[in-house]
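Each chain, letter by letter, is given below.
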Amino acid sequence: MTCIIGLETEDGVILGADSAVTNGGECAVRRNGKIHRVSNHLIGVSGTSRVDDVIRYHTTLPRYETGSVHRHMTKVVCPAITAAIREHFSEWNDKDIGRWYFVIGVGGSVFEVDRTGHAGHYRRGYVTAGCGSTVALGAMYATHGMPPRKRVRLALEAAAEHLDGVRAPFTIMEMKK
């Protein structure tokens, strides 16, 4: 399982992720991270590791420069990701589409992208994905006012404390606006 967190800051965005990978009752720690830089986007992947590989090795995105970041997400990023998954994920099945979620940071905003390709952007300024999502949301709320990087780390630690499918080590990456 997974816990991915995205936080908007004054300077840009911070994404954090755990290192757990599960298969049935087995839980292991990954060597490779769940957050990737693609152009000037940070993408955190929750779900099957194959989709993570597609994002890492088969997804290209143009740089976001100016204009509506939400428009960029819905007209460029989400369609590009969906197309890459359809092309490179041999087990793709429209009836079994719910195996992945993303947290994407770009242009100083963070988005929660669900299996339909919807890019949710919320007033609270943070989003989460994965089995650790609800614990992380509570921790992010409770740590309001703390330094941003510390908030993300504490939320990941809280999720790992309470859920078997979330494990350290944690990766935290920042991207400036």
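This text follows the structure it describes.
A few points on the structure.

Cut-offs applied
Residues numbered from 1 in each chain as written. Predicted model: local features only at pLDDT ≥ 70, side-chain atom pairs only at ≥ 80, totals over all residues. Heavy atoms only, no water. Pairing = 2+ DSSP bridges. Helix = DSSP H or I, 4+ residues; strand = E, 2+ residues; numbered from the N terminus. Axes fitted to C-alpha atoms, helices over the stretch in contact; angles between N-to-C directions. Contact = heavy atoms within 4.5 Å. Disulfide = S-S within 2.5 Å. Buried < 20%, exposed > 50% of the residue type's maximum accessible area, 1.4 Å probe, protein only. Core = buried A, V, L, I, M, F, W, Y, C linked by side-chain atoms within 4.5 Å. Polar contact = N/O pair within 3.5 Å; in protein donor to acceptor, adjacent residues only side chain to side chain. Salt bridge = Lys/Arg side-chain N within 4 Å of Asp/Glu carboxyl O.

The next point concerns the sheet that holds strand 10 (residues 126-129). Pairing is antiparallel across the open sheet formed by four strands, whose spatial order is 10-1-2-11. In this open sheet, the two strands that pair with only one neighbour each are strand 10 and strand 11 (171-176). The average undirected angle you get between the axes of adjacent strands in this sheet is 15°. The pairing of strand 2 (residues 12-17) with strand 11 spans six bridges and is classified as antiparallel. Bridge assignment links G16 to a residue of strand 11, and that residue is I172. Sheet contacts for helix 3 (residues 133-142): strand 1 (4-8) and strand 10; angle to strand 10, the most-contacted strand, approximately 160°.

Attention now goes to the state of the cysteines. One pass over the structure, following the stated rule, counts zero disulfides. We note that C3 lacks a disulfide partner, and the nearest cysteine sulfur, in C131, lies 7.3 Å from it. Accessibility expressed as a relative area gives 0% for C3, which makes it buried.

A few words on the environment of G25. Mapped onto the elements, G25 comes out in the loop between strand 3 (20-23) and strand 4 (26-29). By relative accessible area, which is 88% here, G25 ends up exposed. Taking the C-alpha atoms as reference, G25 lies 40 Å from Y64; in sequence the two are 39 residues apart.

What follows deals with the nonpolar core. I43, M73, I81, I85, F102, I104 and V113 are the most contacted members of the largest nonpolar core, which totals 23 residues. Where this core is concerned, the elements lending two or more residues are strand 6 (41-47), helix 1 (49-58), helix 2 (69-88), strand 7 (100-106) and strand 8 (109-113). No other element matches the seven residues that helix 2 contributes to this core. Residues I5, A136, A139 and V152 belong to the second largest nonpolar core, which totals 14 residues.

Turning to its location among the elements, K34 is positioned in the loop between strand 4 and strand 5 (35-38). For K34, the side chain forms a polar contact with the main-chain oxygen of A20, separated by 2.6 Å. Ignoring sequence-local partners within four residues, the contact set of K34 consists of M1, T2, I4, A17, D18, S19, A20, I43, G44, V45 and D52.

A word on the pattern of salt bridges. Counted according to the given criterion, the structure contains six salt bridges. Close ionic contact of R149 with E174 constitutes a salt bridge, the shortest N to O distance being 2.7 Å. In this pair, R149 is assigned in helix 4 (residues 148-162) and E174 in strand 11, connecting sequence segments 25 residues apart. The partly exposed category is assigned to R149, whose relative accessible area is 39%.

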